[in-house]
Amino acid sequence: MSDSDYDFLIKLLALGDSGVGKTSLLYNYTDGKFNSKFVTTVGIDFREKRVVYRSENADGITGRGQRVHLQLWDTAGQERFRSLTTAFFRDAMGFLLMFDLTSEQSFLNVRNWMTQLQMHAYCDKPDIVLCGNKSDLEDRRVVPHKQAEDFARTHEMPYFETSAATGTNVSKAVDALLDLIMKRMERSVDKSWIPPGTAGSGANGGAGGKVAVVQDAGKSKCAC
Ligand SMILES: Nc1nc2c(ncn2[C@@H]2O[C@H](COP(=O)(O)OP(=O)(O)O)[C@@H](O)[C@H]2O)c(=O)[nH]1
Ligand SMILES: [Mg+2]
């Protein structure tokens, strides 16, 4: 597959306090590895991965696979990088909002991250998946499963307990976010009115055009 050989370019952003495991989780997702050395992310960085997305209709019938090029943006959680990272919020189509199950403070700060998202993301109700990370450290857990799950339900976000160390639920969390984004884009396309007789006139161009449509949908045509 060549570099431009994909149907959709999707940009995701991981955010949350410093030390919750953003870099480790993205590294686990793209490379299947874990590095226990703590290396502070400076500013912003990204990793990439190709996946095939298959949507299911109401009858459970799976459609043709869509080739997705995922760009996973990794932010630095420290306050001093905030002005840098908020600029990237605008460009992302979905968010992995992370906290550390062994840190009460990182869970309390999830609210602050949500406020930041509401202010800077493409719309005030963006697609977010909440991840309580470090689930392998069960003996050091301070955030009860139910408390995090209730919080996520109140804010209508899926919730996963992940471990970047063992890989538990890492792909599931990213897949759930991709699913939300693809469904939102389908809704935006459904909502845009196409005058009778113009369908198939090539208004969207070829494969390159498709990618442009996706980016537009992520930035401005919010279907919430
Ligand atoms: N046990 C365990 N340690 C983790 C996990 N995720 C990250 N860590 C460790 O927590 C520290 C911070 O991780 P890092 O990915 O740099 O956090 P970031 O600041 O959010 O990017 C590092 O020492 C990691 O090895 C996890 O799921 N389980
Ligand atoms: Mg980091």
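Here we summarise the structure given alongside this text. (Residues numbered from 1 in each chain as written. Chains lettered and ligands numbered in written order. Predicted model: local features only at pLDDT ≥ 70, side-chain atom pairs only at ≥ 80, totals over all residues. Heavy atoms only, no water.)

## A look at the overall build of the protein chain
Just so we agree on the cut-off: By the criteria applied, helices consist of DSSP H or I runs no shorter than four residues and strands consist of E runs no shorter than two, each listed in order from the N terminus. Between buried and exposed lies partly exposed: a residue is buried under 20% and exposed over 50% of the maximum accessible area for its type, with that area taken using a 1.4 Å probe on protein chains only. Pairs of residues are marked as contacts when any of their non-hydrogen atoms sit within 4.5 Å. Per-residue accessibility takes into account occlusion by the displayed protein chains alone, with areas from the Shrake-Rupley method and a 1.4 Å probe.
Scanning the protein chain from terminus to terminus reveals seven helices and six strands. Put simply, the protein chain runs from its N terminus to its C terminus through helices and strands in the order β-α-β-β-α-β-α-α-β-α-β-α-α. Going through the 224 residues of the protein chain one by one, you find that 44% of them count as buried. Within the protein chain, contacts between residues separated by at least 24 positions form 78% of all contacts whose residues are at least 6 apart in sequence. Only carbon and sulfur atoms are counted for the fraction: they give 51% of the accessible area of the protein chain, which is about 11,700 Å².

## Here's the deal with the packing of aromatic side chains
Defined as follows: Each Phe, Tyr or Trp ring, with Trp reduced to its six-membered ring, pairs with another whose centre is within 6.5 Å; inter-plane angles below 30 degrees give stacked pairs, above 60 give edge-to-face pairs, and intermediate values give tilted ones.
A full pass over the atoms with the stated rule returns six aromatic pairs. With a centroid separation of 5.1 Å and an interplanar angle of 40°, the aromatic rings of W73 and F88 are classed as tilted. Of this pair, W73 sits in strand β3 (residues 66–75) while F88 sits in helix α2 (residues 82–89), and the two are 15 residues apart along the sequence. Taking the relative accessible area as the measure of exposure, W73 reaches 16% and is therefore buried. Overall, F88 belongs to the partly exposed group, its relative accessible area being 24%. Pairing F107 with F151 gives two aromatic rings, centres 5.8 Å apart and planes at 70°, and the pair type is edge-to-face.

## With respect to the nonpolar core
Inside soluble globular proteins, nonpolar side chains tend to come together where they are buried. Inclusion rule: Among the buried residues, those of types Ala, Val, Leu, Ile, Met, Phe, Trp, Tyr and Cys that are joined through side-chain atoms within 4.5 Å form a nonpolar core.
Formed by 29 residues in total, the largest nonpolar core has its most connected members in I10, V68, L70 and L96. Elements represented by at least two residues in this core include exactly β1 (8–15), α1 (22–31), β2 (44–53), β3, β4 (94–100), β5 (127–133) and α6 (170–191). For this core, the element with the highest residue contribution is α6, accounting for nine residues. Listed in part, the 25 residues of the second largest apolar core include Y122, L130, F151 and Y159.

## Looking at the pairing of β3
As a reminder of what qualifies: Note on pairing: two strands pair once DSSP finds at least 2 bridges between them.
By the criterion of burial, β3 is predominantly enclosed, with eight of the 10 residues buried. Relative to β3, β1 is paired through seven bridges, and the arrangement is parallel. Looking at β3, one finds that I10 is bridged to L70.

## Description of the sheet that holds β1
Test applied: Angles shown run from 0 to 180 degrees and are taken between the N-to-C directions of axes, each axis being a line fitted to C-alpha atoms and, for helices, limited to the stretch in contact.
Strand order in the open sheet formed by six strands is β2-β3-β1-β4-β5-β6, and the pairing between neighbours is mixed. Pairing within the sheet leaves two strands with one partner each, and these edge strands are β2 and β6 (159–161). Between one strand and the next, the sheet's axes are offset by a mean angle of 25°, whatever the strand orientation. Where β4 meets β5, seven bridges bridge the pair, whose relative direction is parallel. In the strand pairing of β5, F95 is matched with I128. Lying on the sheet, α1 is in contact with β1, β2, β3, β4 and β5; it crosses β3 at an angle near 155°. Of the strands in this sheet, β4, β5 and β6 are in contact with helix α5 (residues 145–154), which crosses β6 at around 155°.

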